[in-house]
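# Analysis of the macromolecular model
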Amino acid sequence: MRRASYSLLSKITSRHSRISPCRVFSRDFVSDITPIPSKENPSPLSHTHHKSCNRTHGLLILNTKTHQFQNNPSRNLDTLVDKAPQLSSRQRKKKEKSDIEEEFESAKTTDEILQAFEVMESAFDENDVKLGLACLKVGLQLDQEGDKPEKTLEFANRALNIFDRNDKASLPVAMTLQLMGSACYTLKRFNDSLGYLNRATRILSKLESEGYGKGDIGPVMHAVQLGLANSKTAMGRREEALVNHRRCLELKEKVLEPNSREVGVANRELAEAYVAVLNFKEALPHCLKALEIHKAQLGDNSVEVAHDRRLLGVVYTGLEEHQKALEQNELSQRVLKNWGLDSELLRAELDAANIQIALGKYDEAINSLGVVVQKTDKESKTRALVFIAMANALNSQNKWADARRCSEISTGILEKKESEFPVEVAEAYTEIAMLYETMNEFETAVSLLKRSLAILEKQPQELHSEGSVSARLGWLLLLTGKVPQAIPYLESAVERLKESFGSKHFGVGYIYNNLGAAYLELDRPQSAAQMFALAKDIMDVSLGPHHADSIDACQNLSKAYGSMGSYALAMEFQQRVIDAWESHGPSARDEIREAHRLLEQLKKKARGPSPDEVSSKAITFPRCAESASNRR
């Protein structure tokens, strides 16, 4: 979890003397302190299929000793006499504490802070709020470095115990909870992270209702919301994380100038979050807004603009507007060439070849890939991806032997990269498996999908990919007649995708439909009818009742009721199938004829002998629903 910078902390409470939290501004929250990219320090481009979760750096530094003498008039009197008055034991102890506080406050490096803290904790009571603030400072310093999360959590927990005994709901408590959430995220204790961050949210909401200004708590709220988004994403709950990503953007828009560079970045990050859940329609306006802001602020030749254009290419690809995607890719490549970002340029060239394949320009794509492969290292991950794209283009030309050879080369490279790039290798295995499917080499496809699934099961943040691969594997086993083996994969896929994308996502509808087909194949029509009904409800909402796949789900529901002998219900749903196909007009003439035939068959069965066995129709996932590579 990338922490939102080591920000300042003043004005929480004057009663805490020197060690007081100040107003918080995270590095990615304030646009005017963010460096403009230069050739010496260009902004990095992140991969659009999964922008790594931004770490939220600790929110606090302590003020240096400004105006300390003015704040302590008794000290100023010392200069008016030749000799200081004799101090009582109590006054002497108070002065010693004040000196210790000052020493701790002036510490800058981690070693200095830790040494000063040892002195401070020996002089202050464990329940003293000043000691709690000191623990918070130490924790944030460690969080800033990011390599000692256990120690960070230890100091944060100690601070929280002190604050809880003194303040029920305060900004230091919220900041401490944010720090604990950050440390738990680093330790992959995602449930704990959510617990602390949700408590911080409740405290901040209470403070806001009591009149705390946005300048005081807004940046802290942003850090907490970013932490929630990151933790939920890491748990595979990407649909839920969208709520927090949207809140991050809203908070930045309230505090920063509407066209500041950081508002542009926030729009792009929200677009990336939408892309991650395959919601390209919602991603588009935010991506365009980011591009508009960065062009105005930085010019067409900035790295930020190149980043925006690359993401825009992904969005247009998802919307199947491939020509627009290619245009954005070409514009992005020009900037990357100017900045000399060779590795990013290679990826952009690979993206362009994949877009050419989507446009059916296979020869052009193969020529482009031939140039790209010469620029890659022999055992590099990028080279493996180039050979996958090459196999895809050759397969589209029915050159199966060449496509198979490219797939084998790619697999050989990827096998050596599993531990280094587990998620990307798993995605690549899935894509190669789909190529083998099209060549009717199902056993090889199943083997690769199982290898992909074994990798993804160890990556909690890839719950959505795990669900998609499991769904693909279940469908392929169902297609090849291995129905009992298919069901556990399909059932697992439903749970994973519901958790990641929500229960009404169209992908969940496809899995329910295939589960229904499996149950019907095993002569469990009642279970099949339940699955088909769920599939139909989801598809009616997500795709519309007249979409071909929605109609197929309705057709399967009619078949399931027919298998149960519930002919009245079967005929009712069959009539709905006819009505839906008729709305397509003459283009659906064959489907309408078949739907009428099945209705007549049902009428005969309702009147006469037992029906012939009726098979169900499994609906495959659209390629974009389960191919992680398309999200790239």
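Residues numbered from 1 in each chain as written. Predicted model: local features only at pLDDT ≥ 70, side-chain atom pairs only at ≥ 80, totals over all residues. Heavy atoms only, no water.

In the nomenclature of an unreviewed UniProt entry, the protein is known as Tetratricopeptide repeat-containing domain of Macleaya cordata.

Remark: helix α24 (residues 548-564) packs on helix α25 (residues 567-582), axes separated minimally by 7 Å, with the N-to-C direction vectors making an angle of 160 degrees. Judged by the inter-axis angle, α24 sits roughly antiparallel to α25. Handedness of the crossing formed by α24 with α25: left-handed. Between α24, through Ala548, Ile551, Asp552, Cys554, Gln555, Leu557, Ser558, Tyr561 and Gly562, and α25, the contact on the second element is made entirely by Tyr567, Leu569, Ala570, Phe573, Gln574, Arg576, Val577, Ala580 and Trp581. Within the contact of α24 with α25, the residues separate by chemical class into 12 nonpolar, four polar and two charged. (Axes fitted to C-alpha atoms, helices over the stretch in contact; angles between N-to-C directions. Helix = DSSP H or I, 4+ residues; strand = E, 2+ residues; numbered from the N terminus. Parallel < 35°, antiparallel > 145°, perpendicular 65-115°, else oblique. Left-handed = near helix turned anticlockwise from the far one by under 90°. Contact = heavy atoms within 4.5 Å. Nonpolar A, V, L, I, M, F, W, Y, C, P; charged D, E, K, R; others polar.)

Per the UniProt record, "repeat: TPR" (unreviewed entry) is found at residues 426-459. Structurally, residues 426-459 is divided into 82% helix and 0% strand, and its ends, taken at the C-alpha atoms, are 10 Å apart. (UniProt positions renumbered as here; feature names shortened; annotations may be inferred.)

Next up on the list: empty space enclosed by the protein. This structure, assessed with the given rule, holds two cavities of 30 Å³ or more. In this structure, the largest cavity spans a volume of roughly 70 Å³. Lining the largest cavity we find His222, Leu226, His245, Cys248, Leu249, Lys252, Ala266, Glu269 and Leu270. At the level of elements, α8 (214-234), α9 (238-255) and α10 (261-276) are the ones that each hand at least two residues to the lining of the largest cavity. Residue contributions to the lining of the largest cavity peak at four residues, all from α9. For the lining of the largest cavity, the residue count by class is five nonpolar, two polar and two charged. (1 Å grid on protein atoms, 1.4 Å probe; cavity = no way out; pocket = protein on both sides within 12 Å on 5 of 7 lines; lining within 4 Å. Points joined across faces, edges and corners; volume = space filled by probe spheres on them.)

Our focus in this paragraph is helix α6 (residues 171-186). Compared with the 22 Å implied by 1.5 Å per residue over 16 residues, the 23 Å span of α6 between its first and last C-alpha is a close match. Among the 16 residues that make up α6, 15 are buried, leaving the element largely enclosed by the rest of the structure. Just downstream of α6, Lys188 is the residue with a positive phi angle, here 60 degrees. (Expected span 1.5 Å × (residues − 1). Buried < 20%, exposed > 50% of the residue type's maximum accessible area, 1.4 Å probe, protein only.)

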